[in-house]
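A structural walkthrough
Residue strings, one per chain:
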Amino acid sequence: QVQLVESGGGLVQPGGSLRLSCAASRSIFSMYAMGWYRQAPGKQRELVAGFTSGSSTNYADSVKGRFTMSRDSAQNTVYLQMNSLKPEDTAVYSCNALLGNKYRNTEYWGQGTQVTVSS
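These numbers come from a predicted model, not from an experiment.

Topic: the nonpolar core
Ranked by size, the top nonpolar core spans 31 residues in total, and within it Leu4, Met34, Trp36, Val78, Leu80, Met82 and Tyr93 carry the most contacts. A total of five residues in this core trace back to one element, the largest contributor, which is strand E9 (residues 91-100). For Met34, the residues in contact, after removing those within four places along its chain, are Leu4, Cys22, Ile28, Gly50, Phe51, Met69, Val78, Cys95, Asn96 and Ala97.

Brief notes about the sheet that holds strand E7 (residues 67-72)
What links the strands of a sheet is backbone hydrogen bonding, and the strands pair in either a parallel or an antiparallel sense. As summarised here, the arrangement of the four strands in space is E1-E3-E8-E7, forming an open sheet in which the pairing is antiparallel. Each edge of the open sheet carries a strand with a single partner, namely strand E1 (4-7) and E7. With direction set aside, neighbouring strand axes in the sheet form an average angle of 15°. One ladder, built from six bridges, connects E7 with strand E8 (residues 77-82); its direction is antiparallel. Each bridged residue has a counterpart across the sheet, and for Phe67 the counterpart in E8 is Met82.

Remarks on the environment of Cys22
Within the element layout of this structure, Cys22 appears in strand E3 (residues 18-24). Put simply, Cys22 and Gln3 are 19 residues apart on the chain and 9.7 Å apart in space, counted from C-alpha to C-alpha. Those residues in contact with Cys22, other than ones at most four positions away along the chain, are Leu4, Val5, Glu6, Met34, Trp36, Asn76, Thr77, Val78 and Cys95.

Overview of the pairing of strand E10 (residues 105-109)
As a general feature of sheets, a regular strand has side chains that alternate between the two faces. Across five bridges, E9 lies against E10 in antiparallel orientation. Residue pairing in the sheet places Asn96 in a bridge with Trp109 of E10. Taken together, E9 and the strand that follows it, E10, pair antiparallel across an intervening segment of four residues.

What about the state of the cysteines?
Inspection of every chain in the model, using the stated rule, returns one disulfide. The residue that forms a disulfide with Cys22 is Cys95, at a sulfur-sulfur distance of 2.1 Å. For the disulfide bridge between Cys22 and Cys95, the dihedral angle about the S-S bond is near -80°, and by the sign convention the bridge is left-handed. Taken together, the residues Cys22 in strand E3 and Cys95 in strand E9 connect sequence positions 73 residues apart.

Points about the pattern of salt bridges
A full pass over the atoms with the stated rule returns four salt bridges. The residue Glu46 makes a salt bridge to Arg38 at a minimum N-O spacing of 2.6 Å. Classification of Arg38 by relative accessible area gives buried; the value is 6%. Among the ionic pairs, Asp89 bridges to Arg38, the shortest N-O distance being 2.9 Å. Of this pair, Asp89 sits in the loop between E8 and E9 while Arg38 sits in strand E4 (residues 31-39), and the two are 51 residues apart along the sequence. Arg38 shares its class with Asp89; the two are buried.

Overview of the side chain of Asn96
With respect to the element layout, Asn96 can be found in strand E9. There is a polar contact of 3.0 Å between the side chain of Asn96 and the side chain of Glu107.

What counts as what
Residues numbered from 1 in each chain as written. Predicted model: local features only at pLDDT ≥ 70, side-chain atom pairs only at ≥ 80, totals over all residues. Heavy atoms only, no water. Core = buried A, V, L, I, M, F, W, Y, C linked by side-chain atoms within 4.5 Å. Buried < 20%, exposed > 50% of the residue type's maximum accessible area, 1.4 Å probe, protein only. Helix = DSSP H or I, 4+ residues; strand = E, 2+ residues; numbered from the N terminus. Contact = heavy atoms within 4.5 Å. Pairing = 2+ DSSP bridges. Axes fitted to C-alpha atoms, helices over the stretch in contact; angles between N-to-C directions. Disulfide = S-S within 2.5 Å. Salt bridge = Lys/Arg side-chain N within 4 Å of Asp/Glu carboxyl O. Polar contact = N/O pair within 3.5 Å; in protein donor to acceptor, adjacent residues only side chain to side chain.

Now the structure itself:
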């Protein structure tokens with residue numbers, strides 16, 4: 001079992017920054033993959049940033065150069081630093097983890113945190 005707890009969402013003006021945190025209940029090294037997803041009203045959920053074990057982080061084209069995903073293994077926490085935020089970044093952001101391996105894994109989700117970009 002893995003519990004994921006996100007924090008750091010809120011209201012920010014266009015051009016501003018936010019940092020989201022996702023605290024895991026076990027070592028992030030034990031995860032096969034972790035990622036940040038978002039879902040805006042009326043839209044499908046999309047992958048924003050994510051990595052699999054031993055690989056580099058991939059980003060959605062819409063956030064490349066603006067968002068950075070990082071990890072703190074000592075804190076069992078992953079972060080999403082979001083800069084130059086745009087109104088279209090408004091969404092519920094959720095942390096995701098896969099425990100297992102490429103061929104057999106269990107998926108876990110956090111509760112989500114709202115990010116609103118508006119003037």
